Amino acid sequence: MSGSVGEAGMAGVTEADAVEEHATEVTGRVTLVGGGPGDPGLLTLAGLDALRGADVVLYDHLAPLSCLRECPAGVLLIDVGKIPGGRATSQQRINELLVEHARSGRHVVRFKGGDPFVFGRGGEEVIACAGAGVPVSVVPGVTSSVAGPALAGIPVTHRGVVQAFTVVSGHVPPGHAASTTNWAALAHAGHTIVVLMGVANLASICAELVASGMPAGTPCAVIADAWLPTMRTVRGTAADIADRTMAAGLRPPAIAVIGAVAALEFDVSAPVAAPSRAAGGQTDELRAATPSDAGELLVLQRSCWVQEAVDNDSLAIPALHEDLATVAADLAVWQTWVLRRGGRLVAAVRARQVQTDWQIGRLMVAADLGGQGLGRQLLQHIEAQAPADVTRFALFTGAKSHRNRRLYAAAGYTELTGDDDLFPPVPITVRLVKGR
Ligand SMILES: C[S@@+](CC[C@H](N)C(=O)[O-])C[C@H]1O[C@@H](n2cnc3c(N)ncnc32)[C@H](O)[C@@H]1O
């Protein structure tokens, strides 16, 4: 040890420096992966390679989550996505997690929707990693700003029509203190304008563009859930697109295209392997879950349990903190069905038979597809598949989970009060039963 001190000292490095250098040596690394707009087919081969070699994945909800099944069995999956109207992990905390795990020698994949550097905060993550001495690489992704319009038959440039396109954030309206966009200049630029994160502010954006000289009849289109089975497109003009979008009930994520190309509607379809474009999807598949579903099941379970935890003030719900291996192991304990729509896992249910009763432990419905009757549809599928001697279906949900309670009531379940031998009360839950 003293010899190395001398050598280090001669080179102008103290023992403390040497120890410090050793202590902070980073053996892990971070890869930012752009996952594209949501269809697993639009993840690049480099992105897939990164997932296959990941020790830890920090994922957002707009990434193609079915690709998580490609991760190694022992992977640690961390949900840092924003739940609409709910919880979000701060960027500061995401940066810390990237650095902490990389410093533990792990390959950390930061899995995002679209491209990491298009409103993806990828630059901030690169800066955080670089500042901590963590090697970082980037796998670009197919950005929704181009891919979304494309699947609606809209090219963002077209020879003879427009020679440029501008991608702009609409997360704050024109004139807002936080807005740095010169909308008046855009109104005259002659570019296709592609607005991300702008559904809520579409009316004020269009009003500003028209007030700045853009013709009110300029073609516009809004594409929601691009490349997902629920994709929908609404078309109009700068004068009416906001009203049409609202009337159609389109919700984020959505892309607005403003400019002459928005009048085009090329007859293009998704590649054969991609999910159905039909609204509502016609390709439901219900089947018993397999270990290859575990990654998506974990994601679905977490997003649903988080909502339930928020509803019921109980972040201590154990299932919220399960890992991939536990979810896979549970498949042997609980009978689990998954409902896929166009290849995407949209709902799942776990059931356990108790004598002749059918006790459903957990119904999970993809958050981004809520309100489409999927939960009820799944319950009906399960009831149809239950053995003939099942006389009563019972399930429980969080006492304050009003959405679930409405869902189960619509499916014919009634809430149980008082004692029940087969179905004892559980704190913060309500019990529901239905006979047949
Ligand atoms: C935070 S930005 C991230 C953009 C992403 N990095 C990209 O390159 O596509 C999120 C916004 O992207 C758009 N977006 C992302 N995926 C989408 C999809 N599948 N369909 C429609 N819009 C999408 C929406 O405007 C959404 O509000």
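Residues numbered from 1 in each chain as written. Predicted model: local features only at pLDDT ≥ 70, side-chain atom pairs only at ≥ 80, totals over all residues.

1. Section: the overall build of the protein chain
Link 1 in the chain: Regarding its fold elements, the protein chain presents 13 helices and 17 strands.
Link 2 in the chain: Counting the 436 residues in the protein chain, one finds 43% classified as buried. (Helix = DSSP H or I, 4+ residues; strand = E, 2+ residues; numbered from the N terminus. Buried ≥ 20, exposed ≤ 12 C-beta atoms within 10 Å, placed from the backbone.)

2. As for unusual backbone geometry
Link 1 in the chain: Cis geometry is found at the peptide bond from Pro-252 to Pro-253, where omega equals 0°.
Link 2 in the chain: Among the structural elements, Pro-253 can be located in the loop between helix 9 (241-247) and strand 10 (254-258).
Link 3 in the chain: Residue Phe-119 is not a glycine yet carries a positive backbone phi of 50°.
Link 4 in the chain: In this fold, Phe-119 is placed in the loop between strand 4 (107-112) and helix 5 (122-131).
Link 5 in the chain: C-beta crowding within 10 Å serves as the criterion here: with 18 such atoms nearby, Phe-119 is assigned to the partly exposed category.
Link 6 in the chain: One non-glycine residue, Met-197, lies in positive phi territory at about 55°.

3. Quick look at the site of the ligand
Link 1 in the chain: The full set close to the ligand counts 25 residues, and Gly-114, Thr-143, Ser-144, Ala-226 and Pro-253 are the nearest of them.
Link 2 in the chain: Elements represented by at least two residues in the shell around the ligand include exactly helix 6 (144-151), strand 8 (219-224) and strand 10.
Link 3 in the chain: The element best represented in the shell around the ligand is helix 6, accounting for three residues.
Link 4 in the chain: Along the lines of polarity and charge, the residues of the shell around the ligand split into 15 nonpolar, eight polar and two charged.
Link 5 in the chain: The residue makeup of the shell around the ligand includes at least three contributed by each of domain 1 (2-141) and domain 2 (145-263). (Near = placed C-beta within 6 Å. Nonpolar A, V, L, I, M, F, W, Y, C, P; charged D, E, K, R; others polar. Domains from an automatic or database assignment.)

4. Examining the sheet that holds strand 9 (residues 232-237)
Link 1 in the chain: Strand order in the open sheet made by the five strands is 6-7-10-8-9, with mixed pairing throughout. The open sheet is flanked by strand 6 (165-169) and strand 9, the only strands paired with a single partner. When strand polarity is set aside, the average angle formed by the axes of neighbouring strands in this sheet is 20°.
Link 2 in the chain: In the packing of helix 6 onto the sheet, contacts are made with strand 6, strand 7 (192-196), strand 8 and strand 10, and the angle to strand 10 comes to roughly 75°. (Pairing = 2+ DSSP bridges. Axes fitted to C-alpha atoms, helices over the stretch in contact; angles between N-to-C directions. Contact = placed C-beta atoms within 7 Å.)

5. Observations concerning the nonpolar core
Link 1 in the chain: The biggest cluster of nonpolar side chains holds 116 residues, and the ones touching the most others in it are Val-57, Leu-58, Val-257 and Ala-348.
Link 2 in the chain: Setting aside residues up to four positions removed in sequence, Leu-58 forms contacts with Ile-78, Val-80, Ile-94, Leu-97, Leu-98, Val-108, Arg-110 and Phe-111. (Core = buried A, V, L, I, M, F, W, Y, C linked by C-beta atoms within 7 Å.)

6. Section: the pairing of strand 15 (residues 392-398)
Link 1 in the chain: Burial runs high along strand 15: six of the seven residues are buried.
Link 2 in the chain: Relative to strand 15, strand 14 (residues 357-365) runs parallel, the two being bridged by four bridges. Bridge assignment links Ile-360 to a residue of strand 15, and that residue is Leu-395.
Link 3 in the chain: Across seven bridges, the pairing between strand 15 and strand 17 (residues 429-435) is antiparallel. Across the sheet, residue Phe-396 finds its bridge partner in strand 17, namely Arg-431.

7. Re the pairing of strand 1 (residues 29-34)
Link 1 in the chain: Within strand 1, five of the six residues are buried, which leaves it mostly tucked inside the rest of the structure.
Link 2 in the chain: Bridge count between strand 1 and strand 4: six bridges; the pairing is parallel. Looking at the pairing, Arg-29 lines up with His-107 of strand 4.
Link 3 in the chain: As defined by bridge partners, strand 1 adjoins strand 5 (residues 136-139) across four bridges and the pair is classed as parallel. Counterpart to Val-33 in the pairing with strand 5 is Val-139.

8. A word on the environment of Leu-97
Link 1 in the chain: Within the secondary structure, Leu-97 sits in helix 4 (residues 91-103).
Link 2 in the chain: Given 17 C-beta atoms within a 10 Å radius, Leu-97 is considered partly exposed.
Link 3 in the chain: Separated by 11 residues in sequence, Leu-97 and Val-108 place their C-alpha atoms 9.2 Å apart.
Link 4 in the chain: Residues within four places of Leu-97 in sequence aside, it is in contact with Leu-58 and Ile-78.

9. Quick notes on the sheet that holds strand 4
Link 1 in the chain: Pairing is parallel across the open sheet formed by five strands, whose spatial order is 3-2-4-1-5. In this open sheet, the two strands that pair with only one neighbour each are strand 3 (76-79) and strand 5. Between one strand axis and the next, the sheet turns through 20° on average, direction left out of account.

10. Notes on the confidence of the model for the protein chain
Link 1 in the chain: On average, residues of the protein chain carry a pLDDT of 84, and 86% of them reach 70 or more.
Link 2 in the chain: A low-confidence stretch, residues 1-22 (pLDDT under 50), is modelled with seven contacts involving residues beyond four sequence positions or located in other chains. (pLDDT = per-residue confidence, 0-100.)

11. Concerning helix 4
Link 1 in the chain: Between its first and last C-alpha atoms helix 4 spans 18 Å; for 13 residues at 1.5 Å apiece the expected length is 18 Å, and the two agree.
Link 2 in the chain: Those residues of helix 4 not exposed but buried are Ile-94, Leu-98, Val-99, His-101 and Ala-102.
Link 3 in the chain: Lining the buried residues of helix 4 we find strand 1, strand 2 (56-59), strand 4 and helix 5.
Link 4 in the chain: Of the residues flanking the end of helix 4, it is Gly-105, one or two places downstream, whose phi is positive at about 90°. (Expected span 1.5 Å × (residues − 1).)

12. A look at the environment of Gly-74
Link 1 in the chain: Counting through the fold element by element, Gly-74 comes out in the loop between strand 2 and strand 3.
Link 2 in the chain: For Gly-74, a count of 9 C-beta atoms within 10 Å translates into the label exposed.
Link 3 in the chain: Remark: the alpha-carbon pair of Gly-74 and Asp-55, spanning 19 residues in sequence, is separated by 7.3 Å.

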